[in-house]
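If you want the building blocks of each chain, they are given just below.
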Amino acid sequence: MIPSNTEPLRVDLGERSYPIHIGSGLLSRLGSLIQNLVPSKRIIIVTDETVHGLYGDALANALSGYTTHIIVRPAGEAQKSMAGLESVLEAMFKAGLDRSDLLLAFGGGVIGDLAGFAASIYKRGIPFVQIPTTLLSQVDSSVGGKTAINNEFGKNLIGAFYQPKAVIADTDLLSTLSVRDLKAGYAEVLKYGLLGDRKFFEWLDVEGGKRLLGLDPDALSKAIFISCQTKARIVAADERESGQRALLNLGHSFAHALELDAGYDGDLLHGEAVSAGMDMAFSFSVQAGYCPAEDAAKLSKHLEKLDMPRIPTLGERLSDPDKLTRFMGQDKKNEAGKITLILAHAIGDAFVQKAVPDEDVKNFLTTLSENGL
Ligand code: NAD
Ligand code: MG
């Protein structure tokens, strides 16, 4: 199917269902896309300095018929904190918002997670709309209703499931993204092919990946559409992650250990860790006898072709298998202290494996560190 720009996707969650609009030129049509969602015509925009500098005027033009307030936060993960949250809430109180008003999250995953959480707790919840501006947020964080901030105990530990009223993904906004952020988002796109859609992977491998990283608008729209469609289907079936939603964490257990080791200061982006983490999950699946070696090799080759992070590019990051195994033991997905991994029978066929022995993970990481250094 050729995805159309005018027909939105839907996330099916009963009375909390919402549309995802995807395509070029959507920002200029924002006023009409949200007109039924904000009876008061009062909007508070939460954004970061970078996005505000690039697109603040365009957004203001698109909302000329509304009364707007704006909160501009510095860019970066550090905003997903109690201090960041307090600033957003304070601005909302000062603006005197109530439940007939709307919060617009205008930025990447950091702004979406922070502003979405603020919307969920302000006066027990006001409506919010996501306008994701990074590839990662367009294919992943803006859809599904997970909102959160971090604290010293870890990432995303304080938060809520809180669905937006709409998601508006304008592909034009991605043209200003850094190559590094574009590739980090691409890792999550690739994830949808690897976890359940071999045909999508084949398209990405043959032409889609290269076109997408070259910002080809049709390839972007198609990839974002298929990614959101997969995520919407999984979220509709399992909103609170009691079952198959865990598949969306393919590569993420390894990624979280790498991220914890690197610290959250931008040395290793989440998507970069996911890219290498998926390579690791496939390699583990081969070693455990679940997946043919050709499939893992095909994935590695794909990552290499697009110059994406993968096992051989991790180098020193693999040098301490004991530490990485310990970090994997701290993952939120674990149950009763046992490691849960998302593994694969093949490209396009992932499954959840609970209670993986620490020893198996450590042996695997030890082999990688010996081969990889
Ligand atoms: P981000 O929001 O920090 O954006 C990355 C950088 O790109 C920032 O510096 C930002 O200012 C800049 N930027 C944003 N839009 C731009 C544009 N159009 N042009 C140029 N620069 C632009 O990070 P991200 O990668 O979008 O999101 C990462 C966050 O998302 C993490 O905090 C992660 O935990 C969260 N996340 C949440 C979920 C979820 O389900 N809620 C899922 C995945 C990730
Ligand atoms: Mg992710």
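See the structure above.
Notes on the structure follow. Remember, predicted model here, so these are calculated numbers, not experimental data.

This next bit is on the site of ligand 1. Around ligand 1, 25 residues are found, and the nearest of them are D48, E77, T133, T134 and T176. Measuring from an oxygen atom of ligand 1, one finds a side-chain N or O atom of T50 at 3.5 Å. The side chain of K155 places a nitrogen or oxygen atom 3.1 Å from an oxygen atom of ligand 1. Here ligand 1 has 860 Å² of accessible area as a free molecule, and 86% of this is covered by the chains.

The next subject is the nonpolar core. Formed by 79 residues in total, the largest nonpolar core has its most connected members in L135 and M280. In terms of residue count, helix 8 (residues 217-237) provides more of this core than any other element does, 10 residues in total. Residues within four places of M280 in sequence aside, it is in contact with F254, L258, I311, L314, L318, F364, L365 and L368. In terms of nonpolar packing, the next biggest core, distinct from the first, is built from 22 residues, L26, A62, L63 and I131 among them.

The next thing to look at is the packing of helix 6 (residues 179-196) against helix 7 (residues 198-213). Helix-helix packing: each pair is described by the crossing angle between the helix axes and the interaxial distance. One can describe the packing of helix 6 onto helix 7 by two numbers: an axis separation of 8 Å at closest approach and a directional angle of 165 degrees. With respect to helix 7, the axis of helix 6 lies roughly antiparallel. Regarding helix 6 and helix 7, the two cross each other, and that crossing is right-handed. Along its contact with helix 6, which presents L182, K183, Y186, V189, L190, Y192, G193, L194 and G196, the element helix 7 presents R198, F200, F201, L204, G209, L212 and L213.

In this section: the environment of D98. Inspection of the secondary structure assignment puts D98 in the loop between helix 3 (82-94) and strand 5 (102-107). Classification of D98 as partly exposed rests on a relative accessible area of 33%. With 24 residues separating them along the chain, D98 and Y122 place their C-alpha atoms 8.7 Å apart. For D98, the residues in contact, after removing those within four places along its chain, are R42, K123 and I126. Here S100 takes part through its side chain, which lies 2.7 Å from a polar atom of the side chain of D98.

Next up on the list: the coordination of the magnesium ion (ligand 2). Surrounding the magnesium ion (ligand 2) are the protein donor atoms E188 (OE), H252 (NE2) and H270 (NE2), which sit 2.1 to 2.2 Å from the metal. One chain supplies every donor for the magnesium ion (ligand 2), spaced along it as E-x63-H-x17-H. Of this pair, E188 sits in helix 6 while H252 sits in helix 9 (residues 252-262), and the two are 64 residues apart along the sequence. Among the residues examined, E188 registers a relative accessible area of 0% and is labelled buried.

Definitions and limits used
- Residues numbered from 1 in each chain as written.
- Chains lettered and ligands numbered in written order.
- Predicted model: local features only at pLDDT ≥ 70, side-chain atom pairs only at ≥ 80, totals over all residues.
- Heavy atoms only, no water.
- Near = heavy atom within 4 Å.
- Polar contact = N/O pair within 3.5 Å; in protein donor to acceptor, adjacent residues only side chain to side chain.
- Areas by Shrake-Rupley, 256 points an atom, 1.4 Å probe, with all protein chains shown as cover.
- Core = buried A, V, L, I, M, F, W, Y, C linked by side-chain atoms within 4.5 Å.
- Buried < 20%, exposed > 50% of the residue type's maximum accessible area, 1.4 Å probe, protein only.
- Helix = DSSP H or I, 4+ residues; strand = E, 2+ residues; numbered from the N terminus.
- Contact = heavy atoms within 4.5 Å.
- Axes fitted to C-alpha atoms, helices over the stretch in contact; angles between N-to-C directions.
- Parallel < 35°, antiparallel > 145°, perpendicular 65-115°, else oblique.
- Left-handed = near helix turned anticlockwise from the far one by under 90°.
- Donors = N, O, S within 2.8 Å, 3.2 Å for Na, K, Ca; no water.

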